[in-house]
Every structure is written in structure tokens, then in C-alpha cells.
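In case you want the letters, here they are:
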Amino acid sequence: MLTLIAALDYFVYDLIDEMEEVGKYRHAMKRNINKAKDLILHAHDLFYRNMMSFDGKGVKQYNIASEMVYKAINDCVSLNAPERAYNILMACIRLQSKQRLKLGARYTYKPSVELDKIPAMLEGLGIHDYNLDNIIEMRVRPIVMNAEYVKDPLARLLDAVKNAPAEAKAYYHRMTGFVAQEHLLAKIGAPGREADGMASLWKCSLEEKLLAGNILLGLEIVQTVDSEENGTEQVVLQFSGANDLGIPNFRKGDSVILYAYPDNTVPNACGTILFRCAILAFNLDSVELQLRTPQRNRRIFEQTDCRVWAVEHDCVESGFSALYRSVYSLLTTTEDRRRLLMAQRQPEADPAVALSLDFSMDGKCPHFNQLVLRARQAKDYFMLVGPPGTGKTSFGLVNILLETLAHPEESVLLLSYTNRAVDEICSKLVQHGIDFIRVGRPHACSEAYHPYLLEQRIKPLVRIDEIDSLIRQTRVFVGTTSSISSHAELLQLKTFDMAIIDEASQILEPQIMGILCATCNGEPSIKKFVMIGDHKQLPAVVLQPSQTSAVNDALLNGMGLMDCRESLFQRMVRLQERTFGTESPYM
């Protein structure tokens with residue numbers, strides 16, 4: 001059924017091309033075909049995103065099978081346009097409906113049901129339907145029958161959703177919709193902020209890009225960094241006066257695209273080869289880029305008098321795949337952790353726990369001891385709330401960490417939203433002589449902490465057991481929520497007694513839920529967590545307006561979720577204030 005829906009994705013565009021070819025793609029016909037196209041794209045896109053969030057290997061095989069199905073159907077139908085595409089489309093719709101009925105109510109895929117409306121929509125085209133169902137089914141069945149890779153992951157995914165408690169199921173559907181809308185706006189731009197979307201590459205004028213600081217133009221390559229093995233890996237470009245109109249909206253670590261264009265013309269990213277890069281350094285007169293895919297042909301970057309280079313922002317979709325997986329993880333985590341995060345049980349504390357160290361600064365600041373003690377006694381979570389400049393990181397995070405490390409058997413995961421904040425945490429660790437591993441990419445990390453990067457720490461190791469031993473013996477890991485989510489295997493190998501999350505008020509629920517819901521050997525990978533932030537300052541960065549992110553579900557409102565744009569930190573503060581007022585033992 002799913003490969004047939006993928007084939008529909010191809011053939012609806014074939015129908016549009018063939019209708020244009022005969023001059024009939026206009027007026028009411030055009031509107032009806034576009035409505036059919038939207039239903040098909042919605043059904044395929046929703047399934048594809050869910051599949052990506054669950055089984056990356058299956059996606060690759062699914063793509064291969066979809067291409068094979070498309071080719072097999074194309075090869076067996078020899079009709080003239082537009083009868084060819086129309087008949088294939090009608091047959092595929094009936095066949096996917098037939099497959100859906102075979103699967104039964106257990107696996108009803110609602111967007112697929114909507115596809116049954118398409119034959120009536122296209123009835124007005126006046127094209128004869130030859131009922132090619134049997135011919136197409138005979139060609140497709142051998143391919144689909146071999147696609148067992150889809151069945152087990154899909155069954156597990158659908159079973160997890162179907163069998164989830166009502167609150168968890170409501171959360172999954174609402175947050176998946178929220179992430180999908182953010183995903184879309186990252187491509188097309190938010191209302192009133194079109195210059196921020198990937199589509200700004202072709203939708204915005206040069207002047208608009210310059211005013212928003214979203215383009216660097218007139219650049220000249222002054223240096224390349226090459227290796228014998230890979231070819232050109234890095235390029236250094238020098239600025240010209242063409243960028244003086246606005247303040248550049250670029251910083252170290254940003255994902256960008258690099259392309260060449262003829263000098264003294266308007267740069268056009270749609271008419272040339274694009275190179276995906278990351279910014280290694282951004283200086284007053286130059287920018288250094290790391291190519292995501294090294295280029296063996298070094299002549300590509302030879303500077304000539306007749307061409308210059310431009311840099312614009314890129315949209316990296318792998319981050320959204322991690323968000324879909326993160327939301328789904330709530331359905332597969334332990335029941336106790338899910339109940340905690342869904343506010344179906346109160347957090348607990350152990351008043352018998354005492355401190356091993358003294359943080360009162362010779363009795364001058366006894367409240368430091370009280371704060372660390374409450375964090376230690378909390379068995380599930382603790383929230384450190386305070387405005388900027390009150391020492392939440394310098395004293396709160398560091399002291400809680402030091403007390404935890406005073407127990408030799410315990411390990412800690414330190415998280416923050418931005419790489420800059422993670423660099424600051426690393427500086428505290430170095431200052432206190434604490435060994436750690438930094439998870440992330442070199443271009444997003446200060447050079448001072450490159451020796452602590454995971455890839456550097458494992459470089460001298462040659463055996464898997466040596467790497468495994470390093471990971472298990474290292475007591476402190478540090479990274480952004482994004483980098484840890486991208487290295488989910490770490491949380492499958494190692495259990496952390498505590499996670500301390502700085503900048504928690506800037507972190508959306510889908511950005512942290514996967515980490516908190518990860519499991520190792522059937523138990524939560526994070527035994528308890530401490531969130532540090534100020535819900536009255538620096539909100540999470542969101543593209544969609546409150547009208548679309550507001551939560552109007554009584555089940556979700558009951559767990560403190562009022563708006564998907566709010567952080568988990570803000571929701572937990574709301575729950576604690578609702579239960580304990582301002583005297584909560586957990587914040």
C-alpha cells in the first residue's frame with residue numbers, strides 16, 4: 001500500500017505534465033488535479049516523516065522499492081497522454097484502497113482513506129478508464145512482496161501509537177503536527193518572515209536578502225585546504241564592498257550554501273551548482289567554510305576574474321528527523337517516565353540524602369548548600385529558576401555537578417541549547433580539572449575544547465571494546481541537545497545518574513523529550529534531571545504564531561501544556577506552582 005502511495009506521488013505529476021502537453025491543464029480541471037495532488041502529497045509526506053522518525057534503514061530500502069515500483073508500472077503501460085498517467089493513477093488508487101482493506105482496522109491509515117475521493121474529483125476530465133488494476137498489480141506484487149523491511153517497523157510504530165494511553169496519544173499527535181508545521185516554515189518562511197525560509201533563495205530579491213543580512217556576495221576565494229585523500233575540504237573567501245548594505249546574519253557553525261556566479265550580475269542560487277558547507281570562522285574581512293562533501297576536482301574552486309562567489313543560509317532537515325523521533329520516544333519509554341512527564345504522578349524526593357561536600361563558602365552562603373541538597377534529594381527532577389546574572393551556571397550547575405561527582409559510581413550528562421553555552425560549561429570543567437567528552441562537530445566548538453571532542457578521544461583507539469570502555473568510564477559528557485539527540489546511540493550504551501540542562505527555558509519539548517525518554521537495558525538512560533533557566537527570559541525560538549501553536553485539548557491542558565511554543569521547563573514550573581504554589585520542594 002505504501003509503495004503504491006509513493007507511486008501516486010510520481011504519477012500525479014506525470015498527469016499534470018501530460019495534461020499540459022495536450023493543453024488541457026487549465027480552469028476547473030487544473031483545480032481538481034491540484035486538489036488530488038494535495039491529498040496524495042499529504043498522505044505520502046505524513047507516512048514518510050513517521051517512517052524516518054522510526055527506522056532510517058527502512059527508509060532507504062523503501063525509497064529503492066518505490067523507484068522500482070514506478071519503473072515497473074511505467075514499463076507496462078503504453079497509452080498516449082494523458083490516458084497513460086490517468087489510468088495508472090486510477091489503478092494505483094484502487095489498489096492501495098484494496099490493500100488498506102486487507103490490512104483491516106488494526107492498521108487503518110486515515111490519509112489513505114482520503115485518496116478514495118480522487119476518482120470522483122477527476123471524473124470531469126473525460127478520460128476513459130481501462131481498469132489496468134490487474135496488469136499493474138501483477139507487475140508490482142513481486143516488488144512489494146519483497147518489501148518485508150517495511151512491515152515490522154511499521155507494525156511496531158502503529159502498535160505503539162494505537163496502544164498508547166489517551167494522554168500520550170494526544171501529545172504525540174499534537175506535537176508531531178507542531179514539528180511538521182515548523183518543518184514546513186523552515187522551508188517556506190513564516191508569515192511576515194519569508195526571508196528566513198529556504199524558499200528565500202528564489203523568492204526574495206537581492207536587496208531583501210542584503211537588508212536581512214542573509215547573503216554574502218562578491219566573495220573571492222583566497223585559499224583552499226586540500227588533502228591527498230579527499231581533495232578540497234575547506235575554502236577561505238575574502239569579502240568585497242558589495243556586502244555593506246546590511247549587517248550579516250551569519251555566525252560560526254551555521255549551515256550555508258556556497259555557489260559561484262558571473263561578476264557584475266545578480267547571484268542566482270537556482271542556476272548553478274551548490275556546495276553545502278558549515279562556517280568555521282567569520283572574520284571582519286573573510287569567511288572560512290568547511291565543505292560537507294569534499295571535492296576531488298580542485299579546479300572547481302580556482303578563482304577567475306569573471307566569476308565571484310555568494311553564501312546563503314541552508315536548511316538541514318536531519319534536525320527535524322530527530323525531532324520526530326523525539327516526540328515518538330514518549331510512546332516507547334518506560335511507563336514510569338511517561339507518567340512523570342505527562343504529570344500523571346508527582347515527582348518524589350528522598351529526605352534521608354545528605355551532602356558530601358560544603359558549598360557555603362565558609363558559612364557565608366548557606367543557601368548554596370540548601371540548593372544543592374534539594375537537587376540531590378530529588379529523585380525525579382529539580383528546577384533551578386532565576387534571572388540572568390544570579391550564578392545559575394557558575395554556582396548552581398557547577399556545585400550540583402561537583403556534589404554528584406563526589407560519588408565515584410555516578411556519571412553526569414551536561415546539556416545546553418547553544419554551542420556558546422556548552423563552551424562556557426566546558427570552561428568550568430577545565431577550570432575544576434574535570435575530565436569530560438564533548439559531543440559535537442569541530443566547527444561548532446571552540447578550538448580550546450577540540451581535544452575533548454568524542455572524535456578526538458576515540459581517534460587513537462583501534463578496537464571496539466576500547467571505545468566502549470572509554471564511553472563507560474568517562475563520567476561527564478557535554479553537548480547541545482541537538483548534538484546529543486543526533487548521537488542517540490550514546491544513550492543506548494550508557495546510563496547517566498543525572499542530566500543537568502542549562503538554558504532549559506529556550507528548549508522546546510520535542511528538542512529534549514527524546515533524551516529524557518531514552519532507555520538503556522529497559523530503564524531510563526537519564527535517572528533524574530535538573531533544569532536550569534528562567535521562564536520569564538529568552539523564550540524558545542519558534543517560527544509559527546500562537547494561533548497555530550496553541551493547545552486546545554483538555555487532556556493536554558490538564559498536564560500543563562497550553563502552547564507548543566513553550567519549553568518543557570515552563571510547563572514543569574506551571575505544574576509545580578499549580579500544586580505547591582511558590583514553595584515547591586522541586587524548584
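All of the points below concern the structure found in this document. (Residues numbered from 1 in each chain as written. Predicted model: local features only at pLDDT ≥ 70, side-chain atom pairs only at ≥ 80, totals over all residues. Heavy atoms only, no water.)

## Observations regarding the overall build of the protein
Helix and strand counts for the protein stand at 24 helices and 14 strands. Over its C-alpha trace the protein gives a radius of gyration of 27 Å, about what one expects of a compact globule, namely 25 Å for 587 residues. Considered along the principal axes of its C-alpha atoms, the protein spans approximately 90 × 65 × 50 Å. Put simply, the protein has 587 residues, and 50% of those count as buried. By sequence separation, contacts in the protein at least 24 residues apart represent 73% of the contacts at least 6 residues apart. On the protein, roughly 28000 Å² of surface is accessible, and the fraction owed to carbon and sulfur atoms is 52%. Placing the 64 positive and 72 negative side-chain charges of the protein at their respective mean positions leaves the two points 5 Å apart. (Helix = DSSP H or I, 4+ residues; strand = E, 2+ residues; numbered from the N terminus. Rg over C-alpha atoms; globule rule 2.2 N^0.38 Å. Buried < 20%, exposed > 50% of the residue type's maximum accessible area, 1.4 Å probe, protein only. Contact = heavy atoms within 4.5 Å. Areas by Shrake-Rupley, 256 points an atom, 1.4 Å probe, with all protein chains shown as cover. Lys, Arg positive; Asp, Glu negative; His and termini not counted. Charge placed at Lys NZ, Arg CZ, Asp CG, Glu CD.)

## A short note on the sheet that holds strand β2 (residues 231-238)
One closed barrel accounts for six strands, arranged β1-β2-β5-β4-β3-β6; its pairing is antiparallel. Between one strand and the next, the sheet's axes are offset by a mean angle of 45°, whatever the strand orientation. (Pairing = 2+ DSSP bridges. Axes fitted to C-alpha atoms, helices over the stretch in contact; angles between N-to-C directions.)

## Some remarks on helix α15 (residues 392-405)
Taking 1.5 Å per residue as the helical rise, α15 with its 14 residues ought to reach 20 Å, and the 18 Å between its terminal C-alpha atoms agrees with that figure. Burial runs high along α15: eleven of the 14 residues are buried. Buried residues of α15: K392, T393, G396, L397, V398, N399, I400, L401, E403, T404 and L405, and no others. (Expected span 1.5 Å × (residues − 1).)

## Details of the packing of aromatic side chains
A full pass over the atoms with the stated rule returns twelve aromatic pairs. Ring centres 6.5 Å apart and planes at 15° place the aromatic pair F250 and F282 in the stacked group. Separated by 32 residues along the polypeptide, F250 in the loop between β2 and β3 (255-262) and F282 in strand β4 (residues 275-282) bring together distant segments of the chain. You can call F282 partly exposed: its relative accessible area is 27%. With centroids separated by 5.8 Å and ring planes inclined at 80°, the aromatic side chains of F477 and F496 adopt a geometry described as edge-to-face. Taken as a pair, F477 in strand β10 (residues 476-480) and F496 in the loop between α20 (489-493) and β11 (498-501) lie far apart in primary sequence, 19 residues in all. Pair check on accessibility: F477 and F496 agree, each one buried. (Phe/Tyr/Trp six-rings, centres within 6.5 Å; stacked < 30°, edge-to-face > 60°.)

## Concerning the sheet that holds strand β8 (residues 412-416)
The sheet built from six strands is open, its strands ordered β7-β14-β11-β8-β10-β9 with parallel pairing. Looking at strand neighbours, the two that pair on one side only are β7 (381-385) and β9 (437-439), the edges of this open sheet. Going from strand to strand, the sheet's axes swing by 15° on average, the running direction of each strand aside. By the bridge criterion, three bridges tie β9 to β10 in an arrangement that is parallel. Note that in β10 the partner of R438 across the bridge is V478. Along the sheet, helix α16 (residues 419-431) makes contact with β8, β9 and β10, crossing β10 at roughly 160°. The strands that helix α24 (residues 568-580) touches are β7 and β14 (529-533); relative to β7, the one it contacts most, it runs at about 100°.

## Focus on helix α12 (residues 318-332)
Spanning 15 residues, α12 covers 21 Å between terminal C-alpha atoms, matching the ideal 21 Å at 1.5 Å per step. Burial runs high along α12: eleven of the 15 residues are buried. Those residues of α12 lying buried are F320, S321, A322, L323, Y324, S326, V327, Y328, S329, L330 and L331.

## Quick look at the packing of helix α9 (residues 166-188) against helix α21 (residues 509-517)
Each pair of packed helices can be summarised by the angle the axes make with each other and by the distance between the axes. Their axes nearest at 11 Å, the elements α9 and α21 cross at an angle of 130°. Comparing their axes, α21 and α9 come out oblique. Taking contact as the criterion, the partners of Y171, M175, F178 and V179 in α9 are, on α21, E509, P510 and M513. Across the contact of α9 with α21, the residue classes tally to six nonpolar, no polar and one charged. (Parallel < 35°, antiparallel > 145°, perpendicular 65-115°, else oblique. Nonpolar A, V, L, I, M, F, W, Y, C, P; charged D, E, K, R; others polar.)

## So, the nonpolar core
Within soluble globular proteins, side chains that are nonpolar tend to cluster in buried spots. Of all hydrophobic cores here, the largest spans 64 residues; its most connected members are Y171, L413, I501, F529 and M531. The dominant element in this core, judged by the number of residues it contributes, is α9, at nine residues. (Core = buried A, V, L, I, M, F, W, Y, C linked by side-chain atoms within 4.5 Å.)

None of this, on its own, says anything about what the molecule does.
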